[in-house]
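Listed below, chain by chain, are the residues.
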Amino acid sequence: MQTAARSLARSTPHLRSLAIRRSHTGPSRDSEGTSRTTHFGFKTVPEEKKETLVKNVFDSVASSYDVMNDAMSLGVHRLWKDDFVSSLKPGVKGPLRCIDLAGGTGDIALRILDFARENYADRETSVDVVDINGEMLKEGYKRFKKTMYHNTPQVAFIESNAQALEQFPDNTYDLYTIAFGIRNCTSVPDVLKEAYRVLKPGGTFACLEFSKVTNPLFNMVYDQYSFSVIPIMGSILAGDRESYQYLVESIRKFPSQPDFAQMIVDAGFATGGMHEGKGGAWRDLWGGIACIHKGVKV
Amino acid sequence: MATTNLRKQLLQLALPLVKTHGFTREALSLSALSLPNPHAEPLRDTAVSSLFGEGDEARRTLTSAWIDEGRTQMRQTPSLNVRDALHSRLRYNEPVLKLLPEAFATMALSSSSFHLIDPQPALKHAASVADEACVISGDTTTGTMWYARRASLAAIYSTAELHQLVSPKTAYEFLDSLLDTSTKVKNSLDEAGLFATYVAKSWAGILKSRGVF
């Protein structure tokens, strides 16, 4: 996988300029020296194993990831991603330097570049697409080869861990995006800490993630759909029930909107008011199925 | 909480910029240049939207912060009575008087796509100024009088503020005349009430002496 990712870097001069390597975080241990645990879906696993388990899931679903996303969300994930990117207005007041974490298939990066170009004639905004999974990056790279951005300084693919962006210097980016990725990370606080570090002062952290449905009735319907329909779809369309079972479970384990907003604050970001909606720290999409959180490095 | 402090800090720093940049997203954006560790460049539009809301919502946030600051300043200005308190609030408007009609219009415009007029922000603004003036003057009324006092002061202040927008120089006299009229009306009503009580008591006495009760 690492070889595959390196080959992506070699294919263009710009990619070559970025050091591509996988950053590993060593197994963390508590003060007594015992291994710490985290959740992997509904299972409890040692922290050091989660990364491998998540990697296996995405290795398994990489080729059918977009098809499955369409099937699971009935195409709605496209609307959410459009909404997410248009709310950021990339390029509105000049070019941005963006980093898109867990952005393997290039969904968000492509939208950012298209939005800036189509709305503001901006061809200077650039996106570094970062993913821990080489297979997902390969999918993204393949997709970008079909676009005008291929072989331009506007896009680069880098294999790295969101929790340890060692090869990225401090205060580098104007915009940090992570869509449907942060819940798969072993330590969300570490991801936020790194996001804070690589953003320039005044830079924006934006996260699109599945969240908690606020209406109890709707939540009941949503739960039924998630636990009954999605794993079956996974086995029919991708031949992989377990990976999709994990995806559903990981959504339930992710913190609620206010808790995640507090984590963003704890990482040092300034956010809107601690409420949902206009001027708030987060905005629910479709009653909270997904949610956009934003923070600013002040 | 750190977030609230940082956001509040930026809002506070944006307030002095209102005079020169208006109730705009630009004022919010430039606030980052006045931080203790000033940024090298103003906040980007994305950051302004993330912190204060998209489009006109950010302007509403700034206007609300400016209105809140007005109440804080009322509290800090030494005032002995309602009149002084309301005068100091009108004085707070003066540096940005030309910008206020647009700011109030933005506040009144509902953020929905139908652009309906929303009277709530204006009512809330007037009510909060009236309440602040009552608190400053040591108002001790309770029950119905508590509401009546604040409602009349809110109406007086709103009228005076509207007058100030078109005729700033005569606003203070206008406010005084409204307060005087209100006091006279209140006194007349109090006296009429007292007289009515006497009449009622006399009639009760007459009827009692006639053996009706």
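Residues numbered from 1 in each chain as written. Chains lettered and ligands numbered in written order. Predicted model: local features only at pLDDT ≥ 70, side-chain atom pairs only at ≥ 80, totals over all residues.

**What about the interface of chain A and chain B?**
In many analyses, interface size is given as the accessible surface area lost on bringing the parts together.
Now for step 1: Every contact between the two is made by 20 residues of chain A and, on the other side, 22 residues of chain B.
Now for step 2: Secondary-structure elements contributing two or more residues to the side of chain A that touches chain B are helix 5 (76-88), strand 6 (173-179), strand 7 (199-210) and strand 10 (290-296) of chain A.
Now for step 3: Across the side of chain A that touches chain B, the residue classes tally to eight nonpolar, seven polar and five charged. (Contact = placed C-beta atoms within 7 Å. Helix = DSSP H or I, 4+ residues; strand = E, 2+ residues; numbered from the N terminus. Nonpolar A, V, L, I, M, F, W, Y, C, P; charged D, E, K, R; others polar.)

**Here we look at the UniProt feature "domain: COQ9 C-terminal" (unreviewed entry) in chain B**
Now for step 1: Following the UniProt record, one finds the feature "domain: COQ9 C-terminal" (unreviewed entry) at residues 121-180 of chain B.
Now for step 2: Between the first and last C-alpha atoms of residues 121-180 of chain B the distance is 27 Å; the span itself is 83% helix and 0% strand. (UniProt positions renumbered as here; feature names shortened; annotations may be inferred.)

**Describing the sheet that holds strand 9 (residues 280-285) of chain A**
Residues and elements named next belong to chain A.
Now for step 1: Reading across from one edge, 5-4-3-6-7-10-9-8 is the order of the eight strands in this open sheet, with mixed pairing throughout. Unpaired on one side and paired on the other, strand 5 (155-159) and strand 8 (273-276) mark the two borders of the sheet. In this sheet, adjacent strand axes meet at a mean angle of 15° when their direction is disregarded.
Now for step 2: Sheet topology places strand 3 (residues 97-101) next to strand 4 (residues 126-131); five bridges connect them, and they run parallel. Bridged to L101 within strand 4 is V130.
Now for step 3: Most of the contacts of helix 11 (residues 257-266) go to strand 10, to which it runs at about 20°, and overall it touches strand 7, strand 8, strand 9 and strand 10. (Pairing = 2+ DSSP bridges. Axes fitted to C-alpha atoms, helices over the stretch in contact; angles between N-to-C directions.)

**Looking at the UniProt feature "binding site: S-adenosyl-L-methionine" (unreviewed entry) in chain A**
Residue and element names in this part refer to chain A.
Now for step 1: Under the local residue numbering, the UniProt record ascribes the feature "binding site: S-adenosyl-L-methionine" (unreviewed entry) to T105, D131, N161 and A162.
Now for step 2: Overall, T105 belongs to the buried group, with 26 C-beta atoms counted inside 10 Å.
Now for step 3: Setting aside chain neighbours within four positions, we find T105 in contact with Y65, D66, M136, E139, G140 and R143.
Now for step 4: Note that A162 resides in the loop between strand 5 and strand 6.
Now for step 5: Residue class for A162 comes out buried when judged on the 26 C-beta atoms lying within 10 Å of it.
Now for step 6: In this structure A162 touches L101, A102, I132, I178, C185, V191 and E194, once residues within four positions along its chain are discounted. (Buried ≥ 20, exposed ≤ 12 C-beta atoms within 10 Å, placed from the backbone.)

**Things to note about the packing of helix 4 (residues 56-76) of chain B against helix 6 (residues 100-108) of chain B**
All names here are of chain B.
Now for step 1: It is at 9 Å that the axes of helix 4 and helix 6 come closest, and there the two elements cross at 115°. The chirality of how helix 4 crosses helix 6 is left-handed. Where helix 4 approaches helix 6, its residues D56, R59, R60 and T63 are matched on the opposing element by A103, T106 and M107.
Now for step 2: Classifying every residue of the contact of helix 4 with helix 6 by side-chain character gives two nonpolar, two polar and three charged. (Left-handed = near helix turned anticlockwise from the far one by under 90°.)

**What to know about the environment of V18 of chain B**
Residue and element names in this part refer to chain B.
Now for step 1: Along the chain, the position of V18 falls in helix 1 (residues 2-21).
Now for step 2: For V18, a count of 21 C-beta atoms within 10 Å translates into the label buried.
Now for step 3: Each C-alpha atom, one on V18 and one on P95, is 9.3 Å from the other, the two residues being 77 residues apart in sequence.
Now for step 4: Ignoring anything within four residues of it in the chain, the contact list for V18 reads F23, A27, W66 and V96.

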